Amino acid sequence: MLSARRAAGLVAASVPAVVVGGSSWYREKHRPELPPHTLRDLSGEVVVVTGATSGIGKAVAGKLAGLGATVVVGSRDQGRGEAARRGILASVGGTLPAPRCEVLPLDLSDLGSVRTFADECRRRHAGNISVVVAVAAEIVYEEGRQAASGADLSFATNQLGLQALLAELEPELGSSPRRGASGLRANRRVVIVGSRLEARGSVDPEVVHSTGGARLNKGWAGRDAMLRYADTKLCNMLLAATLAERWRGKAVDVLAVTPGMVHTGLWRHFPQWYQALTYPVRALALRSADDAAQGVVFAAAAIEADGKSGAYLSDGLEVEPSQGAKDGKAAARLYEVCGELIAADRSPRRGRCDDRARGARRTASTPTKYMRLVGLHALTLITPLRDYQETERCAFRVNMCHTLTRMRISEYL
């Protein structure tokens, strides 16, 4: 019996070493390796970045500011926005004057705020907006949380607000080619940061239409937070494809980018126990925001990305999106439905939005529900997909993951 206990103790003691070693190996194996490229001098050009107060967006904003661009950051919170501005300037040595990085109020879940933000961008920088980088995203773990408009909060933030912003800035983006510091003419760019989780997403435009954006598919009520997030990322892919087609012939390229699995603040809305349980793996195995930003900056500023409108990039290389992301009919219909929801929203133009207006109908959570999230998180981590051709080969792991995580684990807690 004593030897068995010792053996169990040795096994338990070895688990942290295995986790640390395996996580470190995974992170090194998946560090970005971009193809040779040249980043454009962005002096005199304006870049709009959403989600730049932290994580990938902040890292991207710093790198683009380092290329000479004036960076406009949208932020729900003025204090966080100012802190981000100081951090962005410090990341390029603090030598740039304050006007090179501006902070404007923006809450993507509030279409009135989106319109005000776009108006101010046009007023300050008419004719000079060359790039829009859409990084902002939200994982909402409580089922049923809604924006003031009645749309699901994650859908309103990740999709509706983004489509509305790009529609407002379309006259600026599609007017004429930009002329940079080198004097060379080039297309303006829209970069939408997606996720490889879009392959797990599902969206039915007719359900979106009938529910006013409160649900994205027929099985919405039973989907956990990560799958609902995946649904919105599929919406982003369909938006990128639609804009690339609609703007064909205009002087603007639309690119979608997957940054890989990244350790960012997206997990901050999850329960504390869930964050603590997954933190070691996230911190040790996933990409840093700075690493993840490299592929996004390539899409925004690399000369080699010129003329690649409609492409889906991973670390500077074109990859295949999921089959759902290639559904042109669904993409066109979703764009139409979202346009109707945006037009129907008569929120007044305003600056800062009160977070209390972002209605929240919280439902009780269970340990079983969040163990499913842990399982899905682990699945995406152990599946090192460089493209979606590998998805079918790991389908058995998807099924196994769902089987295990749907067990009544709560009975043992």
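See above for the structure.
These lines cover the structure that appears in this document, whether it is placed above or below. (Residues numbered from 1 in each chain as written. Predicted model: local features only at pLDDT ≥ 70, side-chain atom pairs only at ≥ 80, totals over all residues. Heavy atoms only, no water.)

**Concerning the overall build of the protein chain**
The following threshold applies: Starting at the N terminus, helices and strands are each numbered in turn, a helix being any DSSP run of H or I of at least four residues and a strand any DSSP run of E of at least two. Note on exposure labels: buried denotes an accessible area under 20% of the residue type's maximum, exposed denotes more than 50%, and partly exposed covers the range between, all computed with a 1.4 Å probe on protein chains only. It only takes one pair of heavy atoms within 4.5 Å for two residues to be counted as in contact. Values of accessible area rely on a 1.4 Å probe in the Shrake-Rupley scheme; residue burial ignores everything except the protein chains shown.
Across its full length, the protein chain holds 12 helices and 10 strands. The 413 residues of the protein chain split such that 52% are buried. For the protein chain, restricting intrachain contacts to residue pairs at least 6 apart in sequence, the fraction spanning at least 24 positions comes to 80%. Taken as a whole, the protein chain presents about 18,000 Å² of accessible surface, with 55% of it coming from carbon and sulfur.

**Focus: the sheet that holds strand β8 (residues 252-257)**
Within a sheet, neighbouring strands are paired by backbone hydrogen bonds and run either parallel or antiparallel to one another. As a reminder, the rule being used: By this definition, two strands are paired if DSSP reports at least two bridges between them.
Within the open sheet, the 8 strands sit side by side as β3-β2-β1-β4-β7-β8-β9-β10. Their pairing is mixed. This sheet does not close on itself; its edge strands, each paired only once, are β3 (101-105) and β10 (317-318). Relative to strand β9 (residues 312-314), β8 runs parallel, the two sharing 2 bridges. Bridge pairing links Ala256 to Tyr312 in β9.

**Considerations on unusual backbone geometry**
Phi is positive for Asp315, which is not a glycine, with a value near 55°. With respect to the helices and strands, Asp315 occurs in the loop between β9 and β10.

**Side note on the packing of helix α7 (residues 225-246) against helix α10 (residues 328-344)**
Working note: a packed helix pair is described by the angle between its axes plus the distance between those axes. Convention followed: The convention used is that axes are lines fitted to C-alpha atoms, helices contributing only their stretch in contact, and that angles between N-to-C directions extend from 0 to 180 degrees. Roughly parallel means an angle under 35 degrees; roughly antiparallel, over 145; roughly perpendicular, 65 to 115; everything else is oblique. Note that Gly is not counted as nonpolar here; it falls among the polar residues with everything else outside the nonpolar set of Ala, Val, Leu, Ile, Met, Phe, Trp, Tyr, Cys and Pro and the charged set of Asp, Glu, Lys and Arg.
Where α7 contacts α10, the axes come no closer than 9 Å and their chain directions differ by 95°. Taken as axis vectors, α7 and α10 run roughly perpendicular relative to one another. Side by side, α7 and α10 meet where Cys235, Leu238, Leu239, Thr242, Leu243 and Arg246 of the first sit next to Ala331, Ala332, Leu334 and Tyr335 of the second. The residue inventory of the contact of α7 with α10, partitioned by class, reads 8 nonpolar, 1 polar and 1 charged.

**Notes on helix α3 (residues 78-91)**
This is how the line gets drawn: Between the first and last residue of a helix there are one fewer steps than residues, each counted as 1.5 Å, and that sum is the expected span. The arc in question is the one traced by the directions running from the helix axis out to the C-beta atoms.
Here α3 is 14 residues long and its end C-alpha atoms lie 20 Å apart, about the 20 Å a rise of 1.5 Å per residue gives. Of all the residues in α3, the buried ones are Gly81, Ala84, Arg85, Ile88 and Leu89. An end-on view of α3 places all buried positions within 130° of arc, on one side of the element. Those residues of α3 that are exposed and angled more than 90 degrees off the buried face are Arg86 and Ala90.

**As for helix α5 (residues 153-173)**
Put simply, the rule is: We define the bend at each residue as the angle formed by axes fitted to the 7 residues ending at it and the 7 residues starting at it.
Approximately 35° is the largest bend angle found in α5, and it occurs at Ala167, with the proline Pro171 only one to four residues beyond. Most of α5 is tucked away, with 18 of its 21 residues classed as buried.

**Considerations on the environment of Asp77**
To be explicit about the condition: Think of a polar contact as two N or O atoms within 3.5 Å of one another; within protein, one of them needs to be a possible hydrogen donor and the other a possible acceptor, and neighboring residues in sequence only count if both atoms come from side chains.
With respect to the secondary-structure elements, Asp77 resides in the loop between β2 (70-75) and α3. Given the relative accessible area of 30%, Asp77 is considered partly exposed. C-alpha of Asp77 to C-alpha of Leu104: the two residues are 27 residues apart in sequence and 9.5 Å apart in space. A distance of 2.9 Å separates a polar side-chain atom of Asp77 from the backbone nitrogen of Gly79.

**Notes on the pairing of β8**
Buried residues dominate β8, accounting for 6 of its 6 residues. Judged by which residues are buried, β8 turns out to be covered on both faces: Val252, Val254 and Ala256 on one side and Asp253, Leu255 and Val257 on the other are all buried. With 6 bridges joining them, strand β7 (residues 188-193) and β8 adopt parallel strand pairing. Bridged to Val191 within β8 is Leu255.

**So, the layout of surface pockets**
Worth spelling out the cut-off: In this analysis, the protein atoms alone were mapped onto a 1 Å grid. Cavities are point sets where a 1.4 Å probe fits without being able to get out; pockets are open sets with protein on both sides within 12 Å along at least five of seven lines; lining residues have an atom within 4 Å of a point. Grid points are joined across faces, edges and corners, and a volume is the space filled by probe spheres set on the points.
In this model, the second largest pocket occupies a volume close to 470 Å³. Along the walls of the second largest pocket sit 29 residues, with Ala240, Ala241, Ala244, Gly310 and Ala311 positioned nearest its centre. If one sorts the elements of the lining of the second largest pocket by residue count, α7 sits on top with 7 residues. When grouped by side-chain class, the residues that make up the lining of the second largest pocket number 16 nonpolar, 5 polar and 8 charged.

**Examining the nonpolar core**
What counts here: Among the buried residues, those of types Ala, Val, Leu, Ile, Met, Phe, Trp, Tyr and Cys that are joined through side-chain atoms within 4.5 Å form a nonpolar core.
Counting 55 residues, the largest nonpolar core has Phe155 and Val190 as its most contacted members. Sorting the residues of this core by element identifies β1 (46-50), α4 (111-125), β4 (129-134), α5, β7, α7, β8 and α10 as the ones contributing at least two each. Looking at this core element by element, the count peaks at 10 residues for α5. Residues contacting Phe155, with those up to four places away along its chain left out, are Leu160, Val208, Gly213, Leu216, Thr232, Cys235, Cys338 and Leu341. Counting 38 residues, the second-largest nonpolar core is a separate cluster that includes Leu64, Val73, Ile88 and Phe298.

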